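Architecture at a glance
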Amino acid sequence: MNRTDLLADHDRGGLLLISWLNISLLDRELLARKRGCLMKTGIVDLRSDTQTLPTQEMIQAMANAELGDDVCREDPTVRQLEELAASVVGKEAALFVPSGTMGNLIAMKVHTNPGEGIILERDSHIYYYEAGGLCAICGLTPSLIQGRYGVIDANDIEKVIRPTNIHFPPTTLLCYENTHNRAGGTVVSVEMSKKIYDTAKCHSLAVHLDGARIFNAAASQGVDPKALSAHADSVMFCLSKGLSAPVGSMLTGTETFIEQARHVRKMLGGGMRQAGVLAAAGIVAIIKMRHRLQEDHETAGLLAKQLSGMPGISIDLASVQTNIVNVSVDTDIVPLDVFSAKLRSLGVLVSARPPRAVRMVTHRHVTKDDVRKVVDAVYSVMSECN
Ligand SMILES: Cc1ncc(COP(=O)(O)O)c(C=O)c1O
């Protein structure tokens, strides 16, 4: 019986006990998760905050959600979520979308026309991880700026705007990211957001904020998310990361922008019918879960401090500002894939950032006690390989 069969079998309530004895720790964790009880089996999953599971309150809200057809705008729970999302970031309106990637894509499509140019940070999620949608679907030519800790210097914006000339695509949109994923969850301050926005506006650019983790950015600076989102025409944020909702992101902006975005969402196949069942979890995510994100930041800080200085490991502590820790590994001591595999065998899951780093992300299921386990596991792998 393979793992998939086992999981299916578990769903039927079948041979669980016999199977249990024959399966790995990781499989047990997966089974426990499938049951929704999140039994603690010793796995520390640091791959991403997208690994968070819905809370009991979310599951309850999903079960009780009032539903309708959201493509016809008849789902009251989605409408409630959209109003809440808009108000929390101080925008006129919001649209519930299946993913952050789709939210960013829709924003680019509404703000631009094919053949235009877009300015992005070199390591931005939109450029690096969104399957080239900006080129393939929006027909945009990217101009890249190397940020410092993921933050664009406003002075660099002017350098990449090309003059009006028959040879060049006209630049019409700037996107920035807060917090910045690849830079290690780094934060764009309110002042820097304002400088970026004001400079972009001097050149008549639209500004979109990829705020997948905007509540982390706000919590770490002790500011209202509205203070950050004010410096963008549109803002996308995710419900399905540290906020623990199972699915979904919000795109926010003016009423007119969201009306157009709703049309583009339909065009991309993102119109959802009784989506209130998901929106119900999103409402709990926004109301309840954003207030605990500072805990994840403290756990990440603790983890980073305890790992840094270990032989063969280096961490730029200045980059650890929220819930992400980029850990550089001396690959002369241990190749990256071996490092990750050995950690996995010790019950610690990380994601590789080749050629020399792994990423560790803290979230609701990672406790301060888990930090000890991770530190011991890393120490054990490095000592074994040294
Ligand atoms: C900064 C940022 N933007 C956008 C996304 C895309 O979100 P999704 O995975 O929901 O498409 C992510 C996902 O990790 C992200 O980190």
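Residues numbered from 1 in each chain as written. Predicted model: local features only at pLDDT ≥ 70, side-chain atom pairs only at ≥ 80, totals over all residues.

Focus on the overall build of the chain
A count of helical and extended segments in the chain gives 17 helices and 13 strands. Counting over 386 residues, the chain shows a buried share of 46%. (Helix = DSSP H or I, 4+ residues; strand = E, 2+ residues; numbered from the N terminus. Buried ≥ 20, exposed ≤ 12 C-beta atoms within 10 Å, placed from the backbone.)

A closer look at the sheet that holds strand β12 (residues 351–353)
Taken in spatial order, the four strands make up an open sheet running β9-β10-β13-β12, and their pairing is antiparallel. Each of the sheet's edge strands pairs with one partner strand only, and the pair in question is β9 (313–314) and β12. Helix-sheet contacts for helix α15 (residues 293–307) involve β9, β10 (324–329) and β13 (357–361), and the interaxial angle to β10 is about 15°. (Pairing = 2+ DSSP bridges. Contact = placed C-beta atoms within 7 Å. Axes fitted to C-alpha atoms, helices over the stretch in contact; angles between N-to-C directions.)

Here we look at the sheet that holds strand β2 (residues 93–97)
Within the open sheet, the seven strands sit side by side as β2-β8-β7-β6-β5-β3-β4. Their pairing is mixed. Each having just a single partner strand, β2 and β4 (141–145) make up the two edges of the open sheet. Across the sheet, the axes of successive neighbouring strands diverge by a mean angle of 20°, strand direction being ignored. Here strand β6 (residues 206–210) runs beside strand β7 (residues 234–238); their pairing, made up of three bridges, is parallel. For H208, the partnering residue across the bridge sits in β7 and is S234. Contacting β2 and β8 (249–253), helix α5 (residues 76–88) runs over the sheet at an angle of about 125° to β2.

Overview of helix α4 (residues 56–64)
Among all positions of α4, only M58, A61 and M62 are buried. When α4 is viewed along its axis, its buried side chains cluster within an angular range of 100° and face the same direction. Away from its buried face by more than 90 degrees, α4 exposes Q56, A63 and N64. Lining the buried residues of α4 we find α14 (276–288). (Arc of directions from axis to C-beta.)

Things to note about the environment of A200
Positionally, A200 belongs in helix α10 (residues 190–202). A200 sits in the buried class, given 26 other C-beta atoms within 10 Å. Between the alpha carbons of A200 and L174 there is a distance of 7.0 Å; along the sequence they are 26 residues apart. Discounting residues that sit within four places of it in the chain, A200 has contacts with I157, L174, L205 and V207.

Describing the site of the ligand
What surrounds the ligand is the set S99, G100, T101, N104, H125, E177, N181, D210, A212, C238, S240 and S249. At three residues, the largest contribution of residues to the shell around the ligand is made by helix α6 (residues 100–111). (Near = placed C-beta within 6 Å.)

Digging into the pairing of β2
Extensive coverage of β2 is indicated by the burial of four of its five residues. In this structure, β2 lies alongside β8, joined through five bridges in antiparallel fashion. Counted as the bridge partner of V97 is S249 from β8.

Here's the deal with the packing of helix α16 (residues 336–345) against helix α17 (residues 368–385)
Taken N-terminus to C-terminus, the directions of α16 and α17 make an angle of 130°; their axes are 10 Å apart at the nearest point. Considered as vectors, α16 and α17 are oriented oblique to each other. The handedness of the crossing between α16 and α17 comes out as right-handed. Here F339, K342 and L343 of α16 lie close against α17, whose contacting residues are A377, V378 and V381. Of the residues assigned to the contact of α16 with α17, the class counts are five nonpolar, no polar and one charged. (Parallel < 35°, antiparallel > 145°, perpendicular 65-115°, else oblique. Left-handed = near helix turned anticlockwise from the far one by under 90°. Nonpolar A, V, L, I, M, F, W, Y, C, P; charged D, E, K, R; others polar.)

A closer look at unusual backbone geometry
The omega angle of the peptide bond from N178 to T179 is 5°, so this bond is cis rather than trans. Here T179 lies in the loop between β5 (171–177) and α10. Going from P354 to P355, the amide bond is cis rather than trans, its omega being 5°. The phi angle at R73 is positive, at roughly 60°, despite the residue not being glycine. Within the secondary structure, R73 is located in the loop between α4 and α5. On the neighbour-count criterion, R73 (12 C-beta atoms within 10 Å) is exposed. A positive phi angle is found at S204, which is not glycine, with a value near 55°. Within the secondary structure, S204 is located in the loop between α10 and β6. When the 10 C-beta atoms within 10 Å are taken as the criterion, S204 is described as exposed.

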